[in-house]
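One-letter residues, chain by chain:
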Amino acid sequence: MDPQSSMVERHQSPLLRVPVEVTVEIASYLTTPDYSTLRLVCKGIEDKLFESFARELFSRRQFMFSEFSLQALVDISKSRLAGHLKELNISLERPRRMQLINPIHFADGHDAVQYTRASEDYLSHQGLVTTGQDLELLVQALHNLPKLKTVGLRDSSYFDRCRIKDPIGRTYGAPTFFQKAGYPCSVFHAGNGPMSEGVATYFCHVFWTILRALGKTERNTYPQLDVDLLSGYIPDIAFNIPRYLEPTILPVLEGLTVLYLDLGQNVFQSLVSHGQGGCRTHAGFFLATFLSKTQSLICLRLRFLHCLDYQAVEILQWLAGLPVSPESPNSAVFVESAQNMQGEFPEMPETPDFQHLQYLELGFVKVELPLLLAVYKRYQANMRVISLHTVTITNSVDARTGKPVNMWARFLRRITKLRFELTGLRLCSLNLTYEGDKYMLRYKLRGQEPEGAAEWISDWTGTDWERAAHEVIGSMVVHWRGKAHPSVGDDSDDDWDSDENN
């Protein structure tokens with residue numbers, strides 16, 4: 001052995017002789033600050049931990065539209081971490097506007113400095129979004145992120161690692177603003193009332209900027225677009241793409257294969273449009289126009305989180321390719337005069353075929369069984385996964401007997417009879433209504449008594465749906481009010497030939 005090599009080994013830290021797997025396991029018990037300190041011990045340790053560090057902390061990152069935050073994203077995109085970033089989330093958080101304070105009201109100099117720095121951050125943010133520099137920075141970053149699979153829009157922070165306890169959240173730049181201002185960043189909450197025009201305008205700006213940035217990167221394939229909002233929603237006007245942005249945004253929409261949207265409360269513009277046999281108002285005109293451009297979709301999720309019931313129904317009717325039934329029929333005078341002025345109204349787009357659609361998730365909506373079936377039946381040819389989250393089937397009554405019936409069992413029986421080639425089914429927080437009362441659908445485990453059924457999620461994956469359907473239906477339990485025992489599975493005596501229209 002070379003004497004010099006032997007001497008190096010004798011002086012080498014024992015920590016460097018620990019196998020990589022063991023070093024990574026040790027690091028998993030450290031807090032993030034301690035983890036970062038360990039990586040600074042020496043280059044050998046840093047090399048050992050880099051892959052696990054990048055995978056854990058940089059495969060998914062969240063930024064907001066502030067100069068400090070977006071510049072950090074650009075810096076990451078130019079580093080060796082760029083190849084590890086798979087999911088990029090843009091937060092709707094933004095520096096809070098500080099209320100003007102008279103200097104005599106400051107408690108001390110520290111308060112004055114805090115107020116000044118927070119005000120500077122707010123003004124910097126305003127300059128960023130009004131000059132278009134936010135778009136330029138985002139384009140720079142996207143050009144250097146070759147392995148990006150998801151671009152998301154968020155209104156809340158997430159935690160990078162389960163061991164982190166951080167009430168401020170993890171949007172890059174938000175904790176810094178909190179330290180400067182003593183206040184968290186501003187973000188809209190639906191529980192605080194209707195969305196103001198200023199908030200809606202900012203949401204549109206962020207949404208369009210993301211689409212424009214993707215369009216300017218000229219990718220062969222586009223990442224999935226995931227709008228996942230816990231306390232807010234995308235206003236309807238965000239789907240009204242301005243004509244001057246169409247050359248940049250339409251190629252993105254046409255190339256999208258995955259689109260997840262959270263829709264909002266009292267924001268649908270009920271425009272008068274012509275189509276489907278006449279002129280009428282339609283709550284989802286802008287959304288329908290937007291979706292009509294996304295014909296390459298493989299996965300689509302629509303969650304009607306804060307929508308009015310009739311708005312969601314009109315959108316589902318359009319999605320099913322059915323004539324829209326407006327909440328309030330138009331007067332005969334309106335119908336006659338509007339028919340003579342059809343050219344003055346925008347045309348309602350036809351429902352796309354979505355020939356590649358394999359996954360469709362609907363959520364937070366009240367719907368009658370025939371409409372729900374019609375939506376999925378339209379896309380049956382390639383449909384492989386049905387996902388339903390917090391969906392309520394209304395009017396759950398047997399047409400012949402007038403008694404309550406488990407319409408969810410009928411739904412599954414129907415898609416089985418139609419020979420859907422499913423490979424996945426997810427049912428979560430489903431409900432039924434009967435005589436004004438709401439009932440939650442529960443699932444019993446195999447061998448469990450119906451009275452003990454407490455599961456509210458049913459997940460299935462496989463290749464033999466026809467066989468699995470009997471098991472899923474048999475696990476369903478509804479505790480109808482006034483009945484001594486819960487209803488299990490499908491307690492209807494009807495066959496599908498007689499109740500198909502129920």
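Residues numbered from 1 in each chain as written. Predicted model: local features only at pLDDT ≥ 70, side-chain atom pairs only at ≥ 80, totals over all residues. Heavy atoms only, no water.

**A closer look at the overall build of the chain**
Looking only at helices and strands, the chain has 17 helices and 17 strands in total. Out of the 502 residues in the chain, the part that is buried amounts to 49%. Total accessible area computed for the chain in this model is approximately 25000 Å², and 51% of it derives from carbon and sulfur atoms. (Helix = DSSP H or I, 4+ residues; strand = E, 2+ residues; numbered from the N terminus. Buried < 20%, exposed > 50% of the residue type's maximum accessible area, 1.4 Å probe, protein only. Areas by Shrake-Rupley, 256 points an atom, 1.4 Å probe, with all protein chains shown as cover.)

**Focus on the environment of V405**
Locating V405 in the fold gives a position in the loop between strand 10 (385-393) and helix 15 (407-417). With 73 residues separating them in the primary sequence, V405 and V478 have C-alpha atoms 9.2 Å apart.

**Some points on the packing of helix 9 (residues 197-217) against helix 10 (residues 246-255)**
Relative orientation and spacing of two packed helices are given, respectively, by the angle between their axes and the distance between those axes. The geometry of helix 9 relative to helix 10 is characterised by a closest axis approach of 8 Å and an angle of 85° between their N-to-C directions. Compared by their axis directions, helix 9 and helix 10 come out roughly perpendicular. The residues of helix 10 that touch helix 9, namely those facing W208, L211, R212, L214, G215 and K216, are T248, I249, V252 and L253. Taken together, the residues of the contact of helix 9 with helix 10 break down into six nonpolar, two polar and two charged. (Axes fitted to C-alpha atoms, helices over the stretch in contact; angles between N-to-C directions. Parallel < 35°, antiparallel > 145°, perpendicular 65-115°, else oblique. Contact = heavy atoms within 4.5 Å. Nonpolar A, V, L, I, M, F, W, Y, C, P; charged D, E, K, R; others polar.)

**Observations concerning the pattern of salt bridges**
In the structure shown here, the tally under the stated rule is 17 salt bridges. R419 is the salt-bridge partner of E466, the closest N and O atoms lying 3.8 Å from each other. Of this pair, E466 sits in helix 16 (residues 465-474) while R419 sits in the loop between helix 15 and strand 11 (424-428), and the two are 47 residues apart along the sequence. For E466, a relative accessible area of 44% gives the class partly exposed. What makes R419 exposed here is its relative accessible area of 62%. Salt-bridge contacts for D464 lead to R467; the nearest nitrogen and oxygen are separated by 3.6 Å. You can call D464 partly exposed: its relative accessible area is 36%. Since its relative accessible area comes to 66%, R467 is described here as exposed. Within the structure, one salt-bridge network assembled from shared partners comprises E87, R154, D226, D228, D262, R301 and R303. (Salt bridge = Lys/Arg side-chain N within 4 Å of Asp/Glu carboxyl O.)

**Section: the nonpolar core**
With 130 residues, the main nonpolar core has F207, Y376, L388, W408, F411, L412 and W465 as its most contacted residues. Sequence-distant contacts of L388, defined by excluding residues within four places in its chain, comprise L362, L372, Y376, W408, F411, R426, L427, C428 and L430. In terms of nonpolar packing, the next biggest core, distinct from the first, is built from eight residues, A174, F177, A181 and C185 among them. (Core = buried A, V, L, I, M, F, W, Y, C linked by side-chain atoms within 4.5 Å.)

**Details of the sheet that holds strand 16 (residues 476-478)**
Strands sit in the order 14-16-17 across an open sheet of three strands; the sheet is antiparallel. Looking at which strands have only one partner, the edges of the open sheet turn out to be strand 14 (442-443) and strand 17 (487-488). Across two bridges, the pairing between strand 16 and strand 17 is antiparallel. Bridged to V477 within strand 17 is V488. (Pairing = 2+ DSSP bridges.)

**Describing unusual backbone geometry**
Backbone geometry at F354 places phi at a positive 45°, although glycine is not the residue there. By the secondary structure assignment, F354 is in the loop between helix 13 (332-339) and strand 9 (359-367). Using a relative accessible area of 2% as the deciding quantity, one classes F354 as buried. Look at F364: it is not a glycine, yet its phi comes out positive at around 60°. Mapped onto the elements, F364 comes out in strand 9. Here F364 falls in the partly exposed class, since its relative accessible area comes to 28%.

**Examining the pairing of strand 2 (residues 87-91)**
In terms of burial, strand 2 is largely enclosed, as five of its five residues are buried. Every second residue of strand 2 is oriented toward a common face, with E87, N89 and S91 on one face and L88 and I90 on the other, all of them buried. Here strand 1 (residues 60-64) runs beside strand 2; their pairing, made up of five bridges, is parallel. Paired with R60 across the two strands is E87, which belongs to strand 2. Each parallel crossover has a hand, and the one from strand 1 via helix 5 (residues 67-77) to strand 2 is right-handed. As defined by bridge partners, strand 2 adjoins strand 3 (residues 150-154) across five bridges and the pair is classed as parallel. In the sheet register, S91 faces strand 3, and the bridge partner there is R154. (Right-handed = clockwise from strand over helix to strand, strands pointing away.)

**Description of the confidence of the model for the chain**
Mean pLDDT over the chain stands at 84; residues scoring 70 or higher make up 82%. Confidence, read as mean pLDDT per element, is least for helix 17 (residues 496-499) in the chain (44) and greatest for strand 11 (98). The low-confidence segment residues 165-169, where pLDDT is below 50, has seven contacts with residues more than four positions distant or belonging to other chains. (pLDDT = per-residue confidence, 0-100.)

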